[in-house]
Amino acid sequence: MTAHGPIVKSHSAAADRVFNLVTGGAAWLVLILLGATAASMAWGGRLAFETFGFGFITSTDWDAVGGKFGALVPIYGTIVTSIVALVIAVPVSLGIALFLTDIAPRWIRGPIGIAVELLAAIPSIIYGMWGLFIFAPFMAAHVDPWLNGTLGPLPLIGPIFTGPPIGIGMLTAGIVLGIMIIPFIAAVARDVFNAVPPPLKESAVALGSTRWEVLSRVTLPYARSAIIGAIFLGLGRALGETMAVTFVLGNAHDLSISLLMPSNSIAAAIANEFTEADAELYRSSLIALAFLLFVVTFIVLSAAKLLLLRINRAHGRTS
Amino acid sequence: MSLVLLRRRAVDVIAFLFASGATLFGLFWLFWILWTTFKRGLGAINVALFTQMTPPPGSAGGLLNAFYGSAVMILLAVVIGAPLGVAAGTYLAEHGRYSRLAKVVSFLNDVLLSAPSIVIGLFVYEIVVRTSGHFSGYAGAVALAMILLPIVVRTSDEALRLVPDQMREAAFALGIPRWRVTAQILYKAALTAILTGVLLGVARIAGETAPLLFTALNNQFWSGSLSGPLANVPVVIFQYAMSPYDEWHALAWAGALVLTLFVLGLNIAVRMIAKRTSK
């Protein structure tokens, strides 16, 4: 493994050092790029942070002309759409993982697994176009009116599902995001399910468990932390997704409880407005938003990685 | 007793149906999106698409300059990103395999892999566009290279780890210096896997839009130079799709179809290569 001490020392030792230096330098570059990105966002956003202080993340003002910027609406929109995405993607992804590991006949697992992975390969701009031209009109014509009629009149949760049936808004964006992160969660969850030691499952089956009981009482408890890691991975993707959301979220700077209302997200606000941001403070505010997004996704993705590391360490690499 | 059994059976069947339904649900979106892209894109594909420039609003044209810009930027991104990625992957798998640096890099590389691409676009804007004073194809290529890098690091790391240790030991036993073992034996053994990793990376960056918005920007006209704004397929699709003009919509769908075919084709090709070599 780490066989040291080549027999031919002379100039090949120097060549070895150069090779070490080059590959080690490239490895450092990954760290440097990550650090430089964070630093550059913090530096670019400092004017906004200095000007607005903590109010930057609690204010809903977004007034390019008046020079007042508060990020609460995009932050709220990012969080709400990501929650909607998770509510859809988590059960579906776990279902797909279960189907691919325990239910489907062996010959069909490969093709279906690949088809689900292709869902992840489709560029997000295609999701966005499809969302804008096909899915949003579908939501406006069928789903929004239905929600207004059935869930709208209910107390407490009613206002969440009441709004203009325009198809553009947080619900549509959340659903599109959910579809986009299904393959990521499903692929990791499938690997996690496969990493559960067969003797554990076999013992449960031998005791007379049904498939569902094996899943709910053996597989899921055993793989709990890794499953949460897979979900965090999906969440990290959802938080930072830009193009698909930009198409269907509506770029509105109003805070609204209704999922049917247009809103904004951090990534969409940057994509829509950055090239138009002429004032220094405007640009700095958008970069400050990017800094917040970067820090939050960094934390979420790190947590995902840590949770997945545990099962990797125990059973070899899973992904 | 039998009632309990019946209930357990019922729950099991429900779980079975749910999992199958979830899979159908996932595939349903795949087919819906692909079907739409094909239906709308096929009608808009013609010779002009590949021979004419992006048109002004309300008239016909093609996407030649956008295809060219995308191709050049992807190529340059691979030239920049792939060697660096393979080098870093080599460090993780070989020269620094048990070092603390390799552990940290391996961890953070995965974070970079899923980091929001729009932030990477802004970063390149700050360090390239701002310092040089203008949008450019170079900036776009750098942004794409930065997205490609972690993908190549991860895949080349894994490719090298799959090379059996006996091969390393045999080479060391012959007294071959370490760097030659890596360069002449391990790279050869892992070549296909490393190349498929790069191809996967190309498939990923071909559709990236967000990092190009503030770097390469767009250019309605033919431009062979990378030092100015450069047309590219994703940003053209974005702008045309968001516009109110039918001609632009049609072009956006045609571009979307070509892009989708390219990306899915690469993905399927990579899987076929991987399957053939693993047999």
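No experiment lies behind these values; they were computed from the predicted model shown.

(A) Expanded view of the overall build of chain A. The number of helices and strands found in chain A is twelve helices and two strands. In sequence order, the secondary structure elements of chain A are arranged as α-α-β-β-α-α-α-α-α-α-α-α-α-α. Surface exposure of chain A reaches about 13,200 Å², of which carbon and sulfur atoms provide 69%. Taken together, the 17 basic and 16 acidic charged side chains of chain A have centroids lying 17 Å from each other.

(B) Quick peek at the overall build of chain B. The helix and strand tally for chain B stands at eleven helices and zero strands. Helices and strands in chain B line up, N terminus first, as α-α-α-α-α-α-α-α-α-α-α. The C-alpha atoms of chain B give 23 Å as radius of gyration, which overshoots the globular expectation for 279 residues (19 Å, by more than 25%). Overall, the C-alpha framework of chain B stretches about 70 × 65 × 35 Å when taken along its three principal axes. Every one of the 279 residues in chain B was classed for burial, and the buried ones make up 56%. Intrachain contacts of chain B at a sequence separation of at least 6 include 72% that bridge at least 24 residues. In chain B, 20 side chains carry a positive charge and 11 a negative one; their mean positions are 7 Å apart.

(C) How the structure looks around the environment of V163 of chain B. Residue and element names in this part refer to chain B. Summarising the element assignment, V163 is placed in the loop between α6 (137–161) and α7 (165–173). When its relative accessible area of 5% is taken as the criterion, V163 is described as buried. Measuring from C-alpha to C-alpha, the distance between V163 and Y138 comes to 36 Å, with 25 residues separating the pair along the chain. If sequence neighbours within four positions are ignored, V163 has contacts with R168, L186, A189 and A190.

(D) Broad picture of the pattern of salt bridges. On inspection of all chains with the given rule, the structure shows 15 salt bridges over all chains. R190 of chain A serves as the salt-bridge partner of E117 of chain A, at 3.1 Å between the closest nitrogen and oxygen. Of this pair, E117 of chain A sits in helix α4 (residues 106–121) while R190 of chain A sits in helix α6 (residues 170–195), and the two are 73 residues apart along the sequence. Among the salt bridges present, the one from R161 of chain B reaches D157 of chain B, with a minimum N-O distance of 2.7 Å. Of the two residues, R161 of chain B and D157 of chain B are both situated in helix α6; the distance of four residues between them amounts to about one turn of the helix. What makes R161 of chain B partly exposed here is its relative accessible area of 32%. Classification of D157 of chain B by relative accessible area gives buried; the value is 1%. Among the charged side chains, a network of salt bridges with common partners joins K305 of chain A together with D110, R154, D157 and R161 of chain B.

(E) View of the packing of aromatic side chains. Applying the stated criterion to the full structure yields 27 aromatic pairs over all chains. Judged by centre distance (4.6 Å) and plane angle (35°), the rings of Y68 of chain B and W222 of chain B are tilted. Residue Y68 of chain B is found in helix α3 (residues 64–95), and its partner W222 of chain B is found in the loop between α9 (210–213) and α10 (233–242); the two are separated by 154 residues along the sequence. The residue whose ring lies beneath R46 of chain A is W43 of chain A, and the NZ or CZ to ring-centre distance is 3.7 Å.

(F) Quick look at the nonpolar core. Counting 192 residues, the largest nonpolar core has Y127, M129, W130, I270 and L289 of chain A together with I118 of chain B as the members making the most contacts within it. The element contributing the most residues to this core is α6 of chain A, with 16 residues. Setting aside anything within four residues of it in sequence, one finds L289 of chain A in contact with F56, W62, A71, P74, I266, A269 and I270 of chain A.

(G) Main features of α3 of chain B. In a regular helix each residue adds 1.5 Å, so 32 residues correspond to 46 Å; α3 of chain B covers 45 Å between its end C-alpha atoms and thus fits that length. Its axis deflected by about 30° at G81 of chain B, α3 of chain B carries its strongest bend there, up to four residues before the proline P83 of chain B.

(H) Fine view of the interface of chain B and chain A. Facing 88 residues of chain B, the contacting portion of chain A comprises 90 residues. The contact between chain B and chain A buries some 8,100 Å² in all, and 78% of this surface belongs to carbon and sulfur atoms. Between the two partners, chain B and chain A, sit five salt bridges. K305 of chain A serves as the salt-bridge partner of D110 of chain B, at 3.0 Å between the closest nitrogen and oxygen. Between chain B and chain A we count twelve residue pairs in polar contact (both at pLDDT 80 or more) in total. Looking at the side of chain B that touches chain A, the element that brings in the most residues is helix α1 (residues 2–42) of chain B, giving 21 residues. Of the residues assigned to the side of chain B that touches chain A, the class counts are 57 nonpolar, 17 polar and 14 charged.

(I) Structural view of the side chain of D144 of chain A. Tracing the backbone through its elements, the reader meets D144 of chain A in helix α5 (residues 124–150). As a buried residue without a salt bridge, D144 of chain A has its nearest oppositely charged side chain in R40 of chain B, at a separation of 17 Å. For D144 of chain A, the residues in contact, after removing those within four places along its chain, are M139, P164, P165, I166, G167 and L260 of chain A.

The rules behind these values
Residues numbered from 1 in each chain as written. Chains lettered and ligands numbered in written order. Predicted model: local features only at pLDDT ≥ 70, side-chain atom pairs only at ≥ 80, totals over all residues. Heavy atoms only, no water. Helix = DSSP H or I, 4+ residues; strand = E, 2+ residues; numbered from the N terminus. Areas by Shrake-Rupley, 256 points an atom, 1.4 Å probe, with all protein chains shown as cover. Lys, Arg positive; Asp, Glu negative; His and termini not counted. Charge placed at Lys NZ, Arg CZ, Asp CG, Glu CD. Rg over C-alpha atoms; globule rule 2.2 N^0.38 Å. Buried < 20%, exposed > 50% of the residue type's maximum accessible area, 1.4 Å probe, protein only. Contact = heavy atoms within 4.5 Å. Salt bridge = Lys/Arg side-chain N within 4 Å of Asp/Glu carboxyl O. Phe/Tyr/Trp six-rings, centres within 6.5 Å; stacked < 30°, edge-to-face > 60°. Lys NZ or Arg CZ within 6 Å of the ring centre and 35° of its normal. Core = buried A, V, L, I, M, F, W, Y, C linked by side-chain atoms within 4.5 Å. Expected span 1.5 Å × (residues − 1). Bend = angle between axes of the 7 residues up to and from the residue. Buried area = accessible area lost by both parts, 1.4 Å probe. Polar contact = N/O pair within 3.5 Å; in protein donor to acceptor, adjacent residues only side chain to side chain. Nonpolar A, V, L, I, M, F, W, Y, C, P; charged D, E, K, R; others polar.

By themselves these figures say nothing about function.
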